[in-house]
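Chain residues, written in single-letter form:
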4 protein chains.
Amino acid sequence: MLSINKKKIFNDPVYGFISIPHEIIFDLVEHPYFQRLRRIRQLGMTHYVYPGALHTRFHHALGALHLMCEAIEELRFKGHAISKEEEIAVCIGILLHDIGHGPYSHTLEQCLVKGISHEFLSVEFMKVLNEEFGGQLTLAIEIFMDRYPKRFLHQLISSQLDMDRLDYLKRDGFYTGVQEGAISEDRIIKMLDVRNDHLVVEAKGIYSVEKFLIARRLMYWQVYLHKTVVGAEQLLVNVLLRAKYLAKQGLQLFATPSLAYFLYNDIDRGNFDKAALDHFAQLDDYDMFTSLKVWAEHEDRVLSILCTAMTHRKLFHVNLESIEVPNERVRELERQVVEEYHLTPEEAAYLVMTGSTSNNAYNLDDNRIQILYKDGRLVDVADATDQLNMQYLSKSVTKYYLCYPKGLLR
Amino acid sequence: MLSINKKKIFNDPVYGFISIPHEIIFDLVEHPYFQRLRRIRQLGMTHYVYPGALHTRFHHALGALHLMCEAIEELRFKGHAISKEEEIAVCIGILLHDIGHGPYSHTLEQCLVKGISHEFLSVEFMKVLNEEFGGQLTLAIEIFMDRYPKRFLHQLISSQLDMDRLDYLKRDGFYTGVQEGAISEDRIIKMLDVRNDHLVVEAKGIYSVEKFLIARRLMYWQVYLHKTVVGAEQLLVNVLLRAKYLAKQGLQLFATPSLAYFLYNDIDRGNFDKAALDHFAQLDDYDMFTSLKVWAEHEDRVLSILCTAMTHRKLFHVNLESIEVPNERVRELERQVVEEYHLTPEEAAYLVMTGSTSNNAYNLDDNRIQILYKDGRLVDVADATDQLNMQYLSKSVTKYYLCYPKGLLR
Amino acid sequence: MLSINKKKIFNDPVYGFISIPHEIIFDLVEHPYFQRLRRIRQLGMTHYVYPGALHTRFHHALGALHLMCEAIEELRFKGHAISKEEEIAVCIGILLHDIGHGPYSHTLEQCLVKGISHEFLSVEFMKVLNEEFGGQLTLAIEIFMDRYPKRFLHQLISSQLDMDRLDYLKRDGFYTGVQEGAISEDRIIKMLDVRNDHLVVEAKGIYSVEKFLIARRLMYWQVYLHKTVVGAEQLLVNVLLRAKYLAKQGLQLFATPSLAYFLYNDIDRGNFDKAALDHFAQLDDYDMFTSLKVWAEHEDRVLSILCTAMTHRKLFHVNLESIEVPNERVRELERQVVEEYHLTPEEAAYLVMTGSTSNNAYNLDDNRIQILYKDGRLVDVADATDQLNMQYLSKSVTKYYLCYPKGLLR
Amino acid sequence: MLSINKKKIFNDPVYGFISIPHEIIFDLVEHPYFQRLRRIRQLGMTHYVYPGALHTRFHHALGALHLMCEAIEELRFKGHAISKEEEIAVCIGILLHDIGHGPYSHTLEQCLVKGISHEFLSVEFMKVLNEEFGGQLTLAIEIFMDRYPKRFLHQLISSQLDMDRLDYLKRDGFYTGVQEGAISEDRIIKMLDVRNDHLVVEAKGIYSVEKFLIARRLMYWQVYLHKTVVGAEQLLVNVLLRAKYLAKQGLQLFATPSLAYFLYNDIDRGNFDKAALDHFAQLDDYDMFTSLKVWAEHEDRVLSILCTAMTHRKLFHVNLESIEVPNERVRELERQVVEEYHLTPEEAAYLVMTGSTSNNAYNLDDNRIQILYKDGRLVDVADATDQLNMQYLSKSVTKYYLCYPKGLLR
């Protein structure tokens, strides 16, 4: 039984209450690495469009943990053996699955820590924690990296229907106020089963799975890839690229020591050592936005224009289109920026951003969702549904964005 | 009719949607002064206890605006004349009622801007905005300061049953996940009426008013004055007091220019000029917490101990008691700190905090809530209810706190 | 302004509060014809599967009225002229759109009032009410029957995106507890506009429309055409067919006078006179189920078997399949019933039911949903969406059911 | 493990899903005695005021069962031994706690089954079921009747904080739409513990208990004792008294056989035999209301006036007052009825009803709620709270009603 001091219940507007199921989970939640997630928003700049979307990776990790406990209970109820050790390990795995996220991760990965994914970092963090905790995370890391024989345990952490996705869709829909994102995570969990070491869904849960896939796609277009959000993220990318450029020129930039470390050094997977990890473990939304506010007054006009746009929420105009943006259109907009803002062409390039973004709700290549019929048959959800056109839902859709200061001619 | 470009709808997890009712409201929302509220949490450090409580003063102000629009519609439906100008003014008044809040306001008022209340600052901000907007806020300021003849308009903004309280109780209950705080703001608004230029509540709304008073009191004890929250706030007070002390000694402290302004200068109501206002308008939660993170590594051990406690959420032990804490107990704890942490007595005093906090749910002295019976009688809610002991609810309850590092003997 | 005695607010678990907007609406709600809807469940026997689904047509009609008020406010806000008379008429139209429903309507139409639809009856009821109310419903009837020039008013009452559907999807999803049915009726209404006298939806509402179409289809399969519900309805059909058969034989059957009227007479559209209307206006769920309970003890074994199955909820086995049920399979089951229950072949036929049921979420032939782009273009939702396969969603899906007593071999 | 055919999940708008935990529970739910509860509304005529309040005793019993499962899990988590047999027994006990309820119970007890409480009937039903189930309910009956040594198990079924109350407050608040009734049943359950064989509540749950007591009282005044509801109930009492009177005169009254049994016989505790039980087991809301509809056309004018008032919802005027209604006022109203309706004084007495109703939220005499402090102290909630005036909340409040046809002078 849990020591009374480590019995803890978190209030959660989404599920009501979240209980901490094991002592080591309590200790990991208390660790500064995990506490850091309190300062990293789940949805970065999305609150600029949906002001309620301020929830953190801390709360998401606890929510996913809560769903994991329910999933394990359900699978045991259906007769699948899961040992106490496996239970704790899979709980640790889901709790720490995002521990490697930095602030505005996708943005950072493009400019601050080149080519270092948060998945890579999560494992790095877990290894350090495993040492601190005397090897108690070994099994969790095995499962997390999908090296453990019972593969369905890994699928609970990472697959097309894992506890991570169930929680983030539910939670993101809740905090944005986008009811369309609401999924029946409780019903899906009650329909989970295991066959051939794979997580499967009972046939009568198929509508909930369909709804889940639709909700996921809608959330992509309505929230995750909302054009204003995409525009704000690109603004931040260029802010950081410009700051790094200025740093290379030797200019002074207001920054916390850890942010300065990544501005004044080029860190990539090759030279990402313990020192880099320690600095990374200090970074959060606060470092970024505080600098942005100060940089809005910087003498470099490119930096100050971009930062002012962000802090005053005078965001750029964003087009989101189905075909690639022609080069000449970008050049023309840059020419207008040169004229309007009296910048050099090199500087102007920071104010016109283009690129692409894409998504598919279901991946046909990877670990498909299987539906379990009463007669024992297993059928890929893509074949089981007669409601959705899964070929369609699994098609990757790419959109091309073009961002530039408002007031320019298009 | 609203220009199409200024027609805006905000998603809100609490009410569904919030529409911006007038062009000038749109322009005020866009103003950097108001956008700043996106970076100031409504409940300061409360998210350390209730991790969902991350909502901002920005969202609260929009929510209160939403309720104001509904209240005006209801009062007009009941035959009370409210002109278009008055409607806009009262909407501006509620939108900007918290514009003078800084980050962690109550804490700041104790150490950074001595004796300057956020109410005073709100009016200062409104005056500056009024100039910018060519006098369009004049009527709003009149109503806000209760100088306008139709006093019930002021009461919609500020009274014991105003749109501010209705929104914050509802919203704080929602985001903390404390269902006990849930109030029926929609029912209360449908029961509002005006008699003798005073806002009153129809008799059949009395249960909702009772529930509102109970909920308010419960929220005080369960959320606003939660002992862990009180402890975290006192920690922050002492962080800033220590930082100011070090600043006075001429030590270097990492800080944004605007935070530095308040650390290195003593600002009070006497010398609060436009320069101070401009700096204040730059301050938000980011300045504070970023500095805390950097100061956790500061060579001054008092500062680093306090800041580490905060950033790693290794909060101090907090007692909340009904009687004043005896001086000798404080002294004894300070002695233990001296020994345990190898500090001087002066330094140790920063690690032991004591003081008091109090609240009453209903104020008998001030602008009582009046219940309107079908026969036209008006009765103070304290006399109308036979469910609650209003004498009790209106009694101010004071609690005394004592905070000190964990591990010390009590 | 509304007379104070006729100002009424209904509590609604779905929307919070529903206000009665006009005096005549109040009077119509009070009328026994409308009060009768309190005794007719919206979803007939569905509560046998979803025990919360006990909501009535009374509550649904009030809910649809509530949405109508919001839709009118939104359209006026967008500059479309709707006169007070038109507003009242369209409110009456939506309030009474289901006034012609009897208990378990779809079942009744198959056996008690042959070939008389509830739409036909709704108009009949409105005509009678129009006389009682001195012609005050004339415009409402014009709009309801789509004879009024402003056709978008009719579309608010009846189209692929009318207030009826918005309320019933929302309400049915709510009371069944099927979260998948949740739609954003508030967002859809905020996106409504009118072009060329047609209701259209602003482009940024397209996700909500997509979600609405998906939700509608899912509700069909998960609730409306749930196989247990289909089976219970067929049971009821055969109960009534058997009762009518026995009545024709001159046997005594316990029934209220009004139910007896329809059992002992053959009523169809040709002989549906005022007397029939008066009796119809007396029928509700109570007449039906009370008789079923008493008939469970009837000496006719077919009747008592069917009624006992219903009242004790020992429902029959139901197959729902994609291809038509072969005749020989039905014959074989009937043979088994003859043997097992010692019935004649004619009697046995009442215990084996077969037939089909079908639905499509979107109708391509009829009054398509149009999406309005910012540049003024109008595009059919089927062409506007790149998320859904509308060809698929609009395809009618037919399922064939086969019901028979449990325990038989298939 | 549960046989797969008996694994059943009910959708519940209140809790999401309710699982059936044991095979015998499944069998009891399927039994006609329990299925009968599908046809008995939890709140009788309350839907005349709150149209959503149509939920049944069937759904309430399942809801209370759901909470029981959670309470048992919580108590075991805290180290209290509860055997499998005890668990099943206490689940049966809560499932069947209301099995003895008839339609409109409180009304029936006043006129149809004189002096027979539903508690008495519940035990009778359980005994019959125990025989049918070969003694499997013996332990459940022991616990239900508080004859089992572990008394806290009984308290889970029946005490001031039992699963019955937790579910009905939650559920009634939900379906009426009265948010004030919302309680935190999940939090209360998480705070439950056992000391000295008594159910107690951990100290940090005290606010939730306070809220529960307040909510209970508010629900009484706003819902259970709402004057319109009280009036409708009295109407029904007098309908049945008049019907019995007419039956005694030998008049023919439309009724199902089972209702006729209670109309034409005087049944009380002395002659309540198996035949009476069998008839009682057939009675539900349908019998009552169907007769009311037919009686509205009865030649006896008293009966038809009362029944028409009910079926057309032309309810009587109701006064609810703090002091007893003087006899002369009643007589005066009866005189007016004689004149207005041309009735005899004896007949007129059926149209003027008076009596009293009372409630207290907390009972000081009986099995008080105990609060458990961290130091092990147990304190009565009445002494533990400093928010509420428990003396006040536990005071019984009596209200006197007076009902008479609208249009009469008072």
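This is a predicted model, so every value here is computed, not measured.

1. Here's the deal with the interface of chain B and chain A
Here's step 1: Listed as interface residues are 42 residues of chain B and, on the opposing side, 42 residues of chain A.
Here's step 2: Between chain B and chain A, roughly 3700 Å² of surface is buried when both sides are summed, and carbon and sulfur atoms account for 58% of that area.
Here's step 3: If you sort the residues of chain B by the area they bury against chain A, Arg38, Tyr286 and Lys293 of chain B come out on top, with a joint share of 18%.
Here's step 4: Linking chain B to chain A there are five salt bridges.
Here's step 5: Ionic pairing is found between aspartate 287 of chain A and lysine 293 of chain B, a salt bridge with its closest N-O pair at 2.4 Å.
Here's step 6: Scanning the region where chain B abuts chain A turns up 17 residue pairs in polar contact (both at pLDDT 80 or more).
Here's step 7: Among the elements of the structure, β1 (9-12), α2 (32-35), α3 (57-77), α9 (163-176) and α15 (285-295) of chain B are those that each provide at least two residues to the side of chain B that touches chain A.
Here's step 8: Of all the elements, α15 of chain B adds the most residues to the side of chain B that touches chain A, at seven residues.
Here's step 9: Grouping the amino acids of the side of chain B that touches chain A by side-chain chemistry returns 18 nonpolar, 14 polar and 10 charged.

2. As for the packing of aromatic side chains
Here's step 1: Counted according to the given criterion, the structure contains 53 aromatic pairs over all chains.
Here's step 2: Taking the centre distance of 6.3 Å and the plane angle of 85 degrees together, the rings of phenylalanine 262 of chain B and phenylalanine 280 of chain B count as edge-to-face. Here phenylalanine 262 of chain B is found in helix α13 (residues 257-264), whereas its partner phenylalanine 280 of chain B is found in helix α14 (residues 274-280), with 18 residues between them in sequence.
Here's step 3: Owing to a relative accessible area of 0%, phenylalanine 262 of chain B belongs among the buried residues under this scheme.
Here's step 4: Summarising the aromatic geometry, the rings of tyrosine 261 of chain C and phenylalanine 262 of chain C are spaced 5.2 Å apart at their centres and angled 85 degrees between planes, so their arrangement reads as edge-to-face. The burial state of tyrosine 261 of chain C is the same as that of phenylalanine 262 of chain C; both residues are buried.

3. A look at the relation of the copies chain B and chain A
Superposition of the two copies of the chain requires a rotation about an axis and a shift along the axis.
Here's step 1: Between chain B and chain A, which share one sequence, the superposing operator has a rotation angle of 180 degrees and an axial displacement of 0.0 Å; the RMSD is 0.0 Å. A rotation of that kind, with that shift, is consistent with a two-fold axis. Of the C-alpha atoms belonging to chain B, the one lying closest to the rotation axis is found on tyrosine 286 of chain B, 2.7 Å away.
Here's step 2: Looking at chain B, 100% of its interface residues are interface residues in chain A too, so the copies touch through the same face.

How each quantity is defined
- Residues numbered from 1 in each chain as written.
- Chains lettered and ligands numbered in written order.
- Predicted model: local features only at pLDDT ≥ 70, side-chain atom pairs only at ≥ 80, totals over all residues.
- Heavy atoms only, no water.
- Contact = heavy atoms within 4.5 Å.
- Buried area = accessible area lost by both parts, 1.4 Å probe.
- Salt bridge = Lys/Arg side-chain N within 4 Å of Asp/Glu carboxyl O.
- Polar contact = N/O pair within 3.5 Å; in protein donor to acceptor, adjacent residues only side chain to side chain.
- Helix = DSSP H or I, 4+ residues; strand = E, 2+ residues; numbered from the N terminus.
- Nonpolar A, V, L, I, M, F, W, Y, C, P; charged D, E, K, R; others polar.
- Phe/Tyr/Trp six-rings, centres within 6.5 Å; stacked < 30°, edge-to-face > 60°.
- Buried < 20%, exposed > 50% of the residue type's maximum accessible area, 1.4 Å probe, protein only.
- Least-squares fit on C-alpha atoms with pLDDT ≥ 70 in both.

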